[in-house]
Amino acid sequence: MKHLILACLWLLLIPGLVHGQYAGSQQCADCHPQQYSKWRQSHHYQSMLPPDEHSVLGDFNQTVFASEGITATFSKRHSNYIITLQDKGQTREYAVHYTFGFYPLQQYLLDIGNGKLQAFDIAWDSRPRDQGGQRWFYPNSNHSNDPASEFHWTRHLNNWNSRCAECHSTGLDKNYDPASGQYQTRYQEVNVACEACHGPAAEHVRMAQAGQLQSKPRAGLTTHFAPPLSFQFKQNAGIARAPSQTTAKTQQAQQINACGGCHSRRQIIGEPDPARPYHDQYRLTLLHDPLYFADGQIRDEVFVLGSFMQSKMHQQGVTCTHCHDAHSGDIKIQGNGLCSQCHAGSVYDTATHHQHKADSAGSLCINCHMPATTYMGIDPRRDHSFSIPAQPQTDAPNACQQCHQEPALTGPNPATEFGILNSRARKSDALALRAMSDYINNREHPSIRRATLLDLASALPARLTVETLAQQLQSGDALMRRAAVNASQVLPLDMRWTVLSRHINDASADVRFSIAQQLAPALPHLASGDALVLQTLLAEHRAQLAHSNDLPGGLASLAAIELHTGNSNNAITTLEQALAIAPDYLPALLNLAAIYRSLDNNEQEHHYLKQALSAHQDNAAAQHAYGLFLIRDNQKAQAIRHLRRATEAEPSQARYFYVYAVALDAADQTSAAIDTLQVANQRWPNHYDILMALVQYLEKSQRKAESWPYLSQLSAIAPNDTAVRQRIDQLKQQE
């Protein structure tokens with residue numbers, strides 16, 4: 001029976017069983033042999049393949065890899081590649097169903113039932129032996145391989161169907177059944193083939209065979225890619241420019257629509273289609289912590305687009321195929337010659353510019369302007385923001401320090417300005433708001449940086465925030481309008497409806513996604529006509545989220561909509577589905593606890609909080625939530641211990657310090673409360689609640705004179721605050 005089920009699953013994945021307008025890459029080879037040949041050597045071709053002597057790179061000659069109590073034996077039986085796993089006295093055998101990638105590492109997909117294919121967590125290092133390769137290794141050795149860990153290869157983070165498939169195969173139909181948790185995933189081609197970028201080509205092939213393409217060679221295709229516009233040097237300029245900015249930006253948008261979805265950190269909100277606008281298919285992640293450093297440099301694995309959109313190249317209309325061959329994926333020219341296409345070598349490829357010896361590592365453009373970050377142990381990915389190394393004024397690394405102990409003393413640059421502002425915005429520094437607003441409203445800056453700051457302005461309720469978001473709601477840039485919608489959460493709900501309802505039919509699906517999120521809580525309060533309009537938008541929003549209904553995060557978002565619209569039972573069911581996929585998913589556990597608290601079900605609230613704490617001892621949110629529960633349960637001594645842990649763990653917030661200080665004061669530990677708030681003020685400067693509590697506790701402790709610095713800060717962020725002005729006047733009178 002087991003072999004019959006596996007055979008049925010295999011049939012479901014055979015190309016050709018899914019009918020449609022796809023033709024298959026082999027159909028392209030006759031008319032496009034050069035492009036086809038390049039593609040066959042590419043990472044796209046090798047993205048995923050059935051296992052055979054050509055595709056499998058790993059050593060399956062009874063090779064044994066043992067680590068942390070787990071032993072894996074890699075062997076071959078007839079034409080099958082077998083992984084035998086011994087773990088805690090149990091032995092299991094898995095057949096390799098597909099290879100996954102090929103350089104610098106190759107993983108293998110294994111079937112664990114219910115249609116789920118998983119990326120096995122022991123991979124083959126395919127680099128040459130003299131570079132440390134030709135070995136089995138753990139790509140994510142810093143993560144636990146315990147079966148209870150979310151990083152274990154059988155858990156959702158390593159699931160091919162939900163997290164990998166749409167970018168490693170062509171014409172994917174995930175075919176997930178939420179009720180059973182089963183997949184019947186199908187694809188048109190196993191790897192990233194011609195039609196992944198050019199769209200279904202059956203009509204194009206038919207027209208070619210009928211001799212109908214002489215006058216329109218691209219007819220029958222949904223996407224049209226012209227050769228990239230050649231940038232030109234004028235009047236001895238050091239940098240080439242596009243002869244037509246409009247044409248350059250049009251070509252750039254076409255390539256981002258086709259390439260961006262799989263080369264960005266994003267959420268799918270529409271059916272992927274290389275011919276459709278990016279923001280109608282995907283929701284791009286902004287430059288937030290912990291994915292990016294404060295200055296926008298890559299930190300986590302973010303897949304290029306968010307980085308590239310920060311660059312001057314993006315602003316000028318440079319696109320993917322100016323540097324990369326469209327079919328092989330290789331860069332077009334090795335060395336600095338690639339950059340010299342647009343940056344005159346006589347100006348930039350000189351010691352005067354790069355300040356290094358010719359032909360040295362330091363003379364290469366990419367080593368200064370595209371520093372690499374290594375992921376999965378051995379896979380270096382280069383930053384595509386093409387930033388200028390600068391003096392470190394934030395947490396960001398400096399490219400010079402790859403080779404030098406001390407960073408080069410370069411002057412300020414656009415990334416430095418953004419980095420300082422973004423660092424302050426991440427701390428909700430109220431005194432940064434004016435500079436943030438000026439940056440946001442300056443169209444010379446990259447829109448993704450402006451949108452990031454506007455998104456963070458949602459934590460700074462002020463008239464200036466409202467004025468800024470109102471201006472950006474009129475922007476022609478979808479990313480700016482989306483950030484403005486997100487920032488509208490500073491508004492009371494009725495005012496938010498007034499401001500956003502006129503944008504409810506925004507042209508961008510990404511913007512409408514945000515509007516639905518912000519207006520959902522208004523539904524119970526609207527008149528019938530307005531409610532009907534919003535319900536239509538929410539129906540679209542649920543369809544957008546359905547693309548992620550096999551991901552815990554997607555289900556948590558669906559649950560939030562159900563909760564906002566008064567459907568607590570549906571929210572509970574949806575969050576329980578999230579836990580069925582990821583039993584320790586913290587947002588689901590904490591949200592379930594909050595729902596049961598609202599329903600006065602203390603037993604269930606405690607159950608989910610205990611589960612959250614058990615699985616996430618080192619998480620600040622889990623500790624804080626449990627501490628608040630104990631406060632409400634009148635277990636104040638125990639509560640203080642957990643509230644303290646919340647201030648020691650990550651990701652921490654100013655609010656956690658404030659609540660901990662309040663609890664300390666209530667326990668007659670006002671001096672400790674003051675110490676806690678002083679630490680918070682260093683970490684989150686210019687935070688009103690922190691500063692006012694400091695002043696109040698200093699007064700309570702007969703230490704009024706020490707409140708001057710904090711009153712000064714309060715006066716700067718709230719100059720018209722009566723309580724602040726009265727305290728300043730009182731202190732002046734006592735001098």
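This structure is a prediction, so every number in the text was calculated from the model and none was measured.

A. Fine view of the confidence of the model for the protein. Residues with a pLDDT of 70 or more make up 96% of the protein, whose mean pLDDT is 94. This stretch, residues 1-20, has a pLDDT under 50; its non-local contacts, to residues over four places away or in other chains, come to 23 contacts.

B. Here's a closer look at the pattern of salt bridges. Taken as a whole and assessed by the stated rule, the structure comprises 26 salt bridges. With a shortest N-O distance of 2.6 Å, Arg283 and Asp510 are connected by a salt bridge. Of the two residues, Arg283 is situated in strand β13 (residues 282-284) and Asp510 in helix α22 (residues 509-519); the sequence distance between them amounts to 227 residues. Both residues of the pair, Arg283 and Asp510, count as buried. The salt bridge partner of Arg644 is Glu648, with a shortest N-O separation of 3.2 Å. Taken as a pair, Arg644 and Glu648 lie in helix α29 (residues 636-648) at a separation of four residues, close to a single helical turn. For Arg644, a relative accessible area of 30% translates into the label partly exposed. A residue is classified by how much of its surface remains accessible, and Glu648, at 52% relative accessible area, is exposed. One continuous salt-bridge network, built from bridges that share partners, spans Asp125, Arg127 and Arg135.

C. The arrangement of the packing of helix α17 (residues 433-440) against helix α19 (residues 463-472) in detail. Interhelical geometry of α17 versus α19 gives an angle of 10° and a closest axis separation of 10 Å. Considering their axes alone, α17 and α19 lie roughly parallel with respect to each other. Across the interface between the two elements, Leu433, Arg434, Ser437 and Ile440 of α17 pack against Leu464, Thr465, Thr468 and Gln472 of α19. Among the residues forming the contact of α17 with α19, the class breakdown is three nonpolar, four polar and one charged.

D. Up close: helix α21 (residues 493-500). If you check which residues of α21 are buried, you get Arg496, Trp497 and Leu500. Along the long axis of α21, the arc covered by the buried residues comes to 100°, so they all point the same way. For α21, the elements touching its buried residues are α20 (478-487), α22 and α23 (528-546).

E. Structural context of the state of the cysteines. As enumerated under the stated definition, the model contains one disulfide in all. Free cysteine Cys28: the closest other cysteine sulfur is in Cys194, separated by 3.8 Å.

F. Quick look at the side chain of Ser55. One can find Ser55 in the loop between β1 (48-49) and β2 (63-67). On the basis of relative accessible area, Ser55 is assigned to the buried category, the value being 3%. Excluding residues that lie within four positions of it along the chain, Ser55 makes contacts with Leu49, Pro50, Thr99 and Gln106.

G. Broad picture of unusual backbone geometry. Residue Tyr103 is joined to Pro104 through a cis peptide bond whose omega torsion reads 5°. If you trace the backbone, Pro104 turns up in the loop between β5 (90-100) and β6 (105-113). Of the consecutive residues Asp289 and Pro290, the connecting peptide bond is found in the cis state with omega at 10°. Even without glycine at this site, Asn114 takes up a positive phi of about 60°. Inspection of the secondary structure assignment puts Asn114 in the loop between β6 and β7 (116-119). Its relative accessible area of 42% is what places Asn114 among the partly exposed residues. The backbone of Asp359 sits at a positive phi, close to 65°, despite the residue not being glycine. Turning to its location among the elements, Asp359 is positioned in the loop between α14 (351-354) and α15 (365-369). Its relative accessible area of 81% is what places Asp359 among the exposed residues.

H. Geometry of the pairing of strand β15 (residues 379-382). Alignment of strand β14 (residues 372-375) against β15, held across four bridges, turns out to be antiparallel. Looking at β15, one finds that Ala372 is bridged to Arg382. Count of turn residues in the β14/β15 antiparallel hairpin: three residues, of which Met376 carries a positive phi of about 50°.

I. Molecular detail of the packing of aromatic side chains. Inspection of the entire model under this criterion finds 19 aromatic pairs. For the ring pair Tyr94 and Trp153, a centre distance of 5.2 Å and an interplane angle of 85° mean the geometry is edge-to-face. One end of the pair, Tyr94, is in strand β5; the other, Trp153, is in the loop between β9 (135-137) and α4 (160-163), and 59 residues separate them in sequence. Among the residues examined, Tyr94 registers a relative accessible area of 12% and is labelled buried.

What counts, and where the lines are drawn
Residues numbered from 1 in each chain as written. Predicted model: local features only at pLDDT ≥ 70, side-chain atom pairs only at ≥ 80, totals over all residues. Heavy atoms only, no water. pLDDT = per-residue confidence, 0-100. Contact = heavy atoms within 4.5 Å. Salt bridge = Lys/Arg side-chain N within 4 Å of Asp/Glu carboxyl O. Helix = DSSP H or I, 4+ residues; strand = E, 2+ residues; numbered from the N terminus. Buried < 20%, exposed > 50% of the residue type's maximum accessible area, 1.4 Å probe, protein only. Axes fitted to C-alpha atoms, helices over the stretch in contact; angles between N-to-C directions. Parallel < 35°, antiparallel > 145°, perpendicular 65-115°, else oblique. Nonpolar A, V, L, I, M, F, W, Y, C, P; charged D, E, K, R; others polar. Arc of directions from axis to C-beta. Disulfide = S-S within 2.5 Å. Pairing = 2+ DSSP bridges. Phe/Tyr/Trp six-rings, centres within 6.5 Å; stacked < 30°, edge-to-face > 60°.

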